[in-house]
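Residue-level structural notes
Letter by letter, the chains look like this.
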Amino acid sequence: MSRSLDSKAYSRACLRILFVLLGIWFFVSFGCGILFREWMDERLPPVGTAPFGFWMAQQGSIICFILILVAYAVLMKRLDAKFGYAEGEEGK
Amino acid sequence: MSQSMLNFVFIGVTFAVYIVIAVRSRAGSTKEYYTAGGGVSSFANGMATAADWMSAATFISMAGAVAMSGYDASRFLMGWTGGFVLLTILMVPFLRKFGKATVPDFIGDRYYSKWARGVAVICAIFICMTYIMGQMRGVGVVFSQLFGIGIPAGVVVGAAIVFFYAGIGGMKGITYTQVAQYCVMAFAYTIPAVFIAIMITNQPVPQLGLIGNYSLNGESVPFFEKLDRINAELGFQEYTTGKLSMVNMFCITAALMCGTAGLPHVIVRFFTVKSVQAVRNSACWTLVFIAVIYLTAPAIGAFARLNLIEELHDTPYVEAPAWLQEFEATGQMAWVDKNGDGKIQYFGPAKSEFGVNTVFLGPQPVYPDYDAPEGQRQGEHGERLLANKADLTNPNELWFGNDIMVMANPSMAGLPMWVVSLLMAGCIAAALSTAAGLLLVLSTSISHDLMKKIVKPELSDREEVNYARGASFVALAVAAYFGINPPSAFIAQTVAFAFGLAASSFFPTLLIGIFSKRMNKLGAISGMLAGMVFTSSYIVYFQFLGGTKEQMLFGISSEGIGFVGMLINFAVAFLVRPFGGEPPKEVQEMVEQIHIPSGAGEASHH
């Protein structure tokens, strides 16, 4: 396989990871914390004793952000290794 | 040992540590000066970036903002952390691969134009300048309390310290001092929170206390239910609902997020690590360290609010806790006995027919001169009297600045004196680390992007670093001037400006530059100008020229307009692009290259 074909496939896989993670990012922050907050406060079970939407806005979304970045680092590392771009923390 | 002695010891020890670190890791070359030679581990870089990101304002005022506006303050919590997700996923790995030292460098090269670089430099300077002014003020206030000197002298002392280690140490020195500063900040912020959580909810982890039960005085009710009820009884908005409109909330959060992702002084931090993979790991660590503070802030805010109301509302002044008088003395709290019953009443806007709860007339408390007769300075219950006239249209008698929610926490919770000292040291650490990081970006923008790349291309390495040191001195002098003579309410409003500008100029331009091969300079520059002009004129009109709420576009306040400016930037860029022809071949190749993570090498400034 030629190098340019390889890098195209890599870019596509990259974009897929990017869109999925940004989708989750939008849902946990703007979705849960703002757009559907009232609905979630009323309908969903509380987190501990706090209303669900409110808790997402002040705590849950931030925790999810960390998980998103961890997932990004892990997925991209795996992708780099698959396409032979991996060079570790230290660089080459 | 007295409180002020303890403060000296704590701050003295932390300072000695910072300065030893700065001297030991001072920069030897331009590369080390700008990007620490690209050799900082991702863990250390994450910690340093977190310290850089947490300004004195965040450290002191954010919990206060949460306490005062409850749900509405979520916009800061989500905005300033969610921005890091955008930054990590969309920006820094690609910019790191590109491998230049500054953000205007990327914009200048990607859009093959001095004009684009020039616009970017001006934005970068403006954003950093806005930020650094507030930091200098913060440092000045803390130093003046500490040494008992005036605020101007406090600002000058702070400026001298920042100049010393930013100028000498460069990025390398700053990075390692910031690691130490983060540790001080994190302890200072979380320890009081743990104590107050145990006191109010019987839970040692503040975040668990928040979702647990209120357990003071043998009661056991869900914590937020209790807070909502108290707020409603006193005539405030329910804590968990807030009063901003959904559109406004959405736009402000989005503007803060995109603004964060476009802040040049944060982006530049990730040029200090060795590879693209290290950038991703480093960003993870940064967010973890930031989250330690951001997840604690809502807990501190909510606990402090409840505690404050329980301790003060309907309490006779003579029986009130001692910290009330301490804060009256520093002018951060005030009590005006409107109904003459000797008890403190704290009420919200809903208790008045005009919907306000101002205690006195005028924006700030004003006190009688020290040589005024005793009767004008002290009331019959021993309270400190104001020179302002009382606002008798509503029953609220208690005034306090937002900042006390963090600073008063240890006294409210009855914690030992050393906790207060730790908090002061943490506050100074927050201000100094942010100021130093900003100063470095500012001086780089001037020496590298302006002098070397636009005005005098033949500058040698050595001359460039000298220009950078000179520029940081001038910038600091200007910042110190504004720290001493703040353009009054101007500083708070310019923060909206900084984020709005970053969101409407840098963020979209960088994003298109990274992901669209075919965007040309005409499209990018028109987009950047359109977004910038729209956002700044909207903010200037509503903040300084007296625009009214009814005139606002969809009711979006000036804090959130950066989001609309960003959409305008995108739209204009893509509409204008067809008139500008294809970008040169080597630029297109460069865009393809930055998407391949390997071979990033060291960030250079050539």
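1. Comments concerning the overall build of chain A
Within chain A one finds 3 helices and 0 strands. Traced from its N-terminal end to its C-terminal end, chain A shows the element sequence α-α-α. Residues counted as buried form 47% of the 92 residues belonging to chain A. When the accessible surface of chain A is summed, it comes to about 4900 Å², and 67% of that surface belongs to carbon and sulfur atoms.

2. Observations concerning unusual backbone geometry
Residue and element names in this part refer to chain B. A positive phi angle, close to 35°, is found at Y112, a residue other than glycine. Along the chain, Y112 turns up in the loop between α6 (103–110) and α7 (114–147). According to the relative accessible area criterion, Y112 is partly exposed, its value standing at 25%.

3. Let's talk about the packing of helix α4 (residues 56–69) of chain B against helix α13 (residues 276–312) of chain B
Residues and elements named next belong to chain B. The N-to-C vectors of α4 and α13 enclose an angle of 55°; their axes lie 7 Å apart at closest approach. When the interaxial angle is binned, α4 and α13 end up oblique. In the packing of α4 onto α13, the handedness of the crossing is right-handed. Every residue of α13 that contacts α4 at T58, M62, A63, V66, A67 and M68 is listed here: Y294, A297, P298, I300, G301 and R305. Of the residues belonging to the contact of α4 with α13, the class tally is 9 nonpolar, 2 polar and 1 charged.

4. Observations regarding the interface of chain A and chain B
Interfaces are frequently sized by the accessible area removed from exposure as the parts join. Across the boundary between the two partners, chain A contributes 46 residues, which contact 54 residues of chain B. Here chain A and chain B share an interface that buries about 4400 Å² over both sides, 70% of which is from carbon and sulfur atoms. Across the chain A-chain B interface, the total number found is 1 salt bridge. The interface formed by chain A and chain B holds 8 residue pairs in polar contact (both at pLDDT 80 or more) in total.

5. So, the confidence of the model for chain A
Averaged over every residue, the pLDDT of chain A is 82; the share at 70 or more is 89%. Summarising per-element confidence for chain A, the mean pLDDT is lowest in helix α2 (residues 37–43) of chain A (80) and highest in helix α3 (residues 52–83) of chain A (88).

6. Description of the packing of aromatic side chains
Applying the stated criterion across every chain yields a total of 17 aromatic pairs over all chains. Judged by centre distance (5.2 Å) and plane angle (25°), the ring pair of F26(A) and F30(A) falls under stacked. On the criterion of helical spacing, the pair formed by F26(A) and F30(A) is a turn pair, its members being 4 residues apart in helix α1 (residues 3–35). On the accessibility criterion, F26(A) (36% relative accessible area) is partly exposed. On the accessibility criterion, F30(A) (3% relative accessible area) is buried. A centroid spacing of 6.0 Å and a plane angle of 35° characterise the contact between F534(B) and Y538(B), whose relative ring orientation is tilted. Note that F534(B) and Y538(B) are positioned in helix α21 (residues 521–544) at a spacing of 4 residues, about one turn of the helix. Overall, the relative accessible area of 24% leaves F534(B) in the partly exposed class.

7. Side note on α13(B)
Residue and element names in this part refer to chain B. Between its first and last C-alpha, α13 extends 54 Å over 37 residues, near the 54 Å set by a 1.5 Å rise per residue. At A291, α13 shows its maximal bend, which comes to roughly 30°. Within α13, 32 of the 37 residues are buried, leaving the element largely enclosed by the surrounding structure. Positive phi shows up at D314, right after α13, with a value of about 65°.

8. Notes on the environment of T260(B)
Residue and element names in this part refer to chain B. Mapping T260 onto the fold places it in helix α11 (residues 246–261). Counting along the chain gives 247 residues from T260 to F507, while the straight-line C-alpha distance between them is 8.7 Å. What T260 contacts, discounting residues up to four positions off in sequence, is W53, G79, W80, G83, F84, L87 and F499. Reaching out from T260, the side chain makes a polar contact with the backbone oxygen of L256 at a distance of 2.7 Å.

9. Re the domain arrangement of chain B
Residues and elements named next belong to chain B. Here the domain parsing of chain B yields domain 1 (3–302 + 416–486) and domain 2 (308–401). Spacing between the C-alpha centres of domain 1 and domain 2 amounts to 34 Å. The interface of domain 1 with domain 2 comprises 12 residues on the first partner and 12 residues on the second. Of the roughly 870 Å² buried at the junction of domain 1 and domain 2 (both faces included), carbon and sulfur atoms supply 62%. Linking domain 1 to domain 2 there are 0 salt bridges. When residues in the side of domain 1 that touches domain 2 are grouped by element, the largest group, 4 residues, is from helix α10 (residues 223–233).

Conventions used here
Residues numbered from 1 in each chain as written. Chains lettered and ligands numbered in written order. Predicted model: local features only at pLDDT ≥ 70, side-chain atom pairs only at ≥ 80, totals over all residues. Heavy atoms only, no water. Helix = DSSP H or I, 4+ residues; strand = E, 2+ residues; numbered from the N terminus. Buried < 20%, exposed > 50% of the residue type's maximum accessible area, 1.4 Å probe, protein only. Areas by Shrake-Rupley, 256 points an atom, 1.4 Å probe, with all protein chains shown as cover. Axes fitted to C-alpha atoms, helices over the stretch in contact; angles between N-to-C directions. Parallel < 35°, antiparallel > 145°, perpendicular 65-115°, else oblique. Left-handed = near helix turned anticlockwise from the far one by under 90°. Contact = heavy atoms within 4.5 Å. Nonpolar A, V, L, I, M, F, W, Y, C, P; charged D, E, K, R; others polar. Buried area = accessible area lost by both parts, 1.4 Å probe. Salt bridge = Lys/Arg side-chain N within 4 Å of Asp/Glu carboxyl O. Polar contact = N/O pair within 3.5 Å; in protein donor to acceptor, adjacent residues only side chain to side chain. pLDDT = per-residue confidence, 0-100. Phe/Tyr/Trp six-rings, centres within 6.5 Å; stacked < 30°, edge-to-face > 60°. Expected span 1.5 Å × (residues − 1). Bend = angle between axes of the 7 residues up to and from the residue. Domains from an automatic or database assignment.

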